[in-house]
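# Architecture at a glance
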Amino acid sequence: MTMNKETALTGKSKETGGFAETVKTVFYAVIIAFGVRTFAFEPFNIPSGSMIPTLLIGDYLFVSKFSYGYSKYTVGFGLPLFEGRILGHAPERGDVAVFKLPRDNKTDYIKRVIGLPGDTVQVTSGVLHINGQPVKRERIEDYVSRDALGREVRIAQYVETLPGGRSHRIIEESDNGPLDNTPAFKVPANHLFMMGDNRDNSLDSRVPSQVGYVPMENLVGRAEFLFFSLEDGTRFFEVWRWPADLRFSRLFNAVK
């Protein structure tokens, strides 16, 4: 009888120990995932076309948190843990960066760094000017896409070369749209001027009432590379559509 009791007690102890180990393993896994997401890389997906042709709707990418250092928007979900940036590094002109929209400090936006503190930025007849100098843009082949009805759409595409030599592609439906002629913007200290590569369809720093200048503190991280990409309209959980809608050619491409 005593042996049976001891056996029962031993079995219960093993069961309790096994549950505790499972809880501990899950806890450690959550801590590691949180640490990676907070201090190293965070995944984002692209819901709009403001960064076409660089980023497409349906792209999934990793953003490096350590590139610009850490702020309350990087590590604390906007909680007032501290002000400014720790281990801060200034972004380079031409970086594609995620930031919190200054209007609400909550919404994630992704645009390209165009103006640095002290720069004067202006768009005239579709041509970007930085510090009074027109930025070189070279016309290349049309950007080809399809509309909702499946019809082919061609848009003028350029290679734009920023001061410092970094180049990237942009698209322009025209050079006389609402955002193609702007006043001169003088970028304040500790702020950035951000623009989308889809110049006629990007809500960015050219619209002060909606975006305006972006404080350095609002930076979340730098876009690094794509890890997944699905055709527009296909949801991530629709696994059965992956074979036809997965954009294999975009997988693991660096964001430039």
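Refer to the structure presented above.
Attention in this report is confined to the structure presented alongside it. (Residues numbered from 1 in each chain as written. Predicted model: local features only at pLDDT ≥ 70, side-chain atom pairs only at ≥ 80, totals over all residues. Heavy atoms only, no water.)

Within the secondary structure, Asn-198 is located in the loop between strand E12 (191-195) and strand E13 (214-215). Asn-198 has contacts with Gly-49, Ser-50, Met-51, Ile-52 and Ile-171, leaving out every residue within four places of it along the chain. (Helix = DSSP H or I, 4+ residues; strand = E, 2+ residues; numbered from the N terminus. Contact = heavy atoms within 4.5 Å.)

A few words now on the sheet that holds strand E10 (residues 167-172). Ordered in space as E8-E9-E10, the three strands form an open sheet in which the pairing is antiparallel. Looking at strand neighbours, the two that pair on one side only are strand E8 (136-146) and E10, the edges of this open sheet. In this sheet, adjacent strand axes meet at a mean angle of 30 degrees when their direction is disregarded. (Pairing = 2+ DSSP bridges. Axes fitted to C-alpha atoms, helices over the stretch in contact; angles between N-to-C directions.)

All told, the structure shown has twelve aromatic pairs when counted by the stated rule. Relative to Phe-228, the ring of Tyr-60 has its centre 5.9 Å away and its plane inclined at 70 degrees; by these criteria the two rings are edge-to-face. Separated by 168 residues along the polypeptide, Tyr-60 in strand E2 (residues 59-64) and Phe-228 in strand E14 (residues 219-229) bring together distant segments of the chain. Judged by relative accessible area, Phe-228 falls into the buried class, the value being 11%. Seen from their ring centres, Tyr-60 and Phe-236 are 5.4 Å apart, and the 55 degrees between their planes marks the pair as tilted. Here Tyr-60, found in strand E2, pairs with Phe-236, found in the loop between E14 and helix H3 (242-245); they are 176 residues apart in sequence, far enough to count as distant. By way of ring pairs, the aromatic residues Tyr-60, Phe-62, Phe-225, Phe-227, Phe-228, Phe-236 and Trp-242 are connected into one cluster. Sitting above the plane of the Tyr-158 ring, Arg-137 keeps its charged end 4.1 Å from the centroid. (Phe/Tyr/Trp six-rings, centres within 6.5 Å; stacked < 30°, edge-to-face > 60°. Buried < 20%, exposed > 50% of the residue type's maximum accessible area, 1.4 Å probe, protein only. Lys NZ or Arg CZ within 6 Å of the ring centre and 35° of its normal.)

Now for the side chain of Asp-180. Of note, Asp-180 is situated in the loop between E10 and strand E11 (185-186). Of the side chains bearing the opposite charge, Arg-206 lies closest to the buried Asp-180, which forms no salt bridge; the N-O distance is 4.9 Å. Here the side chain of Asp-180 touches Gly-177 through a polar contact of 2.8 Å, landing on its backbone nitrogen. (Lys, Arg positive; Asp, Glu negative; His and termini not counted. Salt bridge = Lys/Arg side-chain N within 4 Å of Asp/Glu carboxyl O. Polar contact = N/O pair within 3.5 Å; in protein donor to acceptor, adjacent residues only side chain to side chain.)

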